[in-house]
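One letter stands for each residue in the lines below.
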Amino acid sequence: MTATLALTAAALYAAGLAILALLHLRFPGHRLLRDPVSDYGLGTSKPWFQAMGWAGSVAGLLLAWAMARAGLPGWIAACLAGSVAARLGGTAFPTDLEGATPTATGR
């Protein structure tokens with residue numbers, strides 16, 4: 001079961017990476033090295049950005065579960081779960097575009 005959890009997590013992380021590559025190719029208006037990834041969470045790229053975020057979040061939870069089942073120290077799985085919470089926050093709450101006038105939604 002632990003190996004299945006870890007392999008599923010790896011597949012979801014790979015899917016998230018593939019979606020990120022797709023975002024960079026499909027929406028070339030974003031500058032790869034200058035714009036934050038969260039800018040993809042606005043406009044027509046939002047569904048893809050959310051899919052990437054959810055894939056990574058589920059992968060992180062599955063990997064934390066696999067680590068706990070494998071007998072690794074609990075703090076390692078807890079740290080990974082904490083990073084999942086941060087990823088979910090970035091996925092669920094929209095931001096303002098870099099350099100744009102701040103909005104109530106972005107705050």
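By convention here, each chain's residues receive numbers from 1 onward along its written sequence. Given that this is a predicted model, residues contribute local features only at a pLDDT of at least 70 and side-chain atom pairs are listed and counted only at 80 or more, while totals for whole chains, interfaces and linings are drawn from all residues. Hydrogens and water are ignored here; the side-chain numbers use all heavy atoms of the structure.

**Student:** Residue-level account of the overall build of the protein, with values.
**Tutor:** Numbering of helices and strands runs from the N terminus, with a helix taken as a DSSP run of H or I at least four residues long and a strand as a DSSP run of E at least two residues long. Scanning the protein from N- to C-terminus turns up three helices and zero strands. The order of helices and strands in the protein, counted from the N terminus, is α-α-α. Partly exposed describes any residue whose relative accessible area lies between the buried limit of under 20% and the exposed limit of over 50%, with all areas from a 1.4 Å probe on protein chains only and scaled to the type maximum. Across the 107 residues of the protein, 25% fall into the buried class. Residue contacts are counted whenever heavy atoms from the two residues lie within 4.5 Å of one another. A separation threshold of at least 6 residues defines the contact pool for the protein, and within that pool the share at least 24 residues apart is 62%. Total accessible area computed for the protein in this model is approximately 6700 Å², and 70% of it derives from carbon and sulfur atoms. Each accessible area value is a Shrake-Rupley result obtained with a 1.4 Å probe; residue values ignore everything except the protein chains displayed when judging cover.

**Student:** So, the nonpolar core: which residues are in play, and what are the values?
**Tutor:** What makes a nonpolar core is a set of buried Ala, Val, Leu, Ile, Met, Phe, Trp, Tyr and Cys residues whose side-chain atoms join them at distances within 4.5 Å. If you look at the biggest cluster of nonpolar residues, it comprises six residues: Ile19, Leu23, Phe27, Tyr40, Phe49 and Met52. Counting only elements with at least two residues in this core, the list comes to helix H1 (2-26) and helix H2 (46-69). Contact partners of Met52, with chain neighbours within four places excluded, come to Gly16, Ile19, Leu20, Leu23, Val37 and Arg87.

**Student:** Please provide a residue-by-residue account of the packing of H1 against H2, values included.
**Tutor:** Two elements in contact, H1 and H2, have axes separated by 8 Å at closest approach and are oriented at 160 degrees. As judged from the angle between their axes, H1 and H2 are roughly antiparallel. The interaxial crossing formed by H1 with H2 has left-handed handedness. Axis lines are fitted through C-alpha atoms, for helices just across the contact stretch, and the angle between N-to-C directions can take any value from 0 to 180 degrees. By the definition adopted for this analysis, an angle is roughly parallel if under 35 degrees, roughly antiparallel if over 145, roughly perpendicular if from 65 to 115, and oblique otherwise. When the near helix sits turned anticlockwise from the far one by under a right angle, the crossing is termed left-handed; a clockwise turn instead gives a right-handed crossing.

**Student:** Tell me about the environment of Met67, and please be specific about residues and values.
**Tutor:** With respect to the helices and strands, the residue Met67 is situated in helix H2. For Met67, a relative accessible area of 22% gives the class partly exposed. The spacing of Met67 and Ala3 is 64 residues in sequence and 10.0 Å in space, taken between C-alpha atoms. Those residues in contact with Met67 that lie beyond four places of it in its chain are Leu72, Ile76 and Leu80.

**Student:** Residue-level account of the environment of Arg87, with values.
**Tutor:** Along the polypeptide, Arg87 turns up in helix H3 (residues 74-92). Residue Arg87 is classed as partly exposed on the basis of its relative accessible area, which comes to 35%. Placed 33 residues apart in sequence, Arg87 and Trp54 show a C-alpha to C-alpha distance of 8.4 Å. Excluding residues within four positions of it along the chain, Arg87 makes contact with Tyr13, Met52, Gly53, Gly56 and Ser57.

**Student:** Give me the side chain of Ser57: which residues, what numbers.
**Tutor:** For Ser57, the location among the structural elements is in helix H2. Each residue touching Ser57, except ones within four places of it in the same chain, is listed here: Val84, Arg87 and Leu88.

**Student:** Now, about the side chain of Ser45: what can you tell me, with residues and values included?
**Tutor:** Mapping Ser45 onto the fold places it in the loop between H1 and H2. Note on Ser45: relative accessible area 2%, which makes it buried. Under this definition, polar contacts are N or O atom pairs within 3.5 Å; protein pairs additionally need one hydrogen-donor-capable and one acceptor-capable atom, and for neighbouring residues in sequence, both atoms have to be side-chain atoms. Within the structure, Ser45 has its side chain in polar contact with the backbone oxygen of Tyr40 (distance 2.6 Å). Other than its neighbours up to four places away in sequence, Ser45 contacts Leu23, Phe27, His30, Asp39 and Tyr40.

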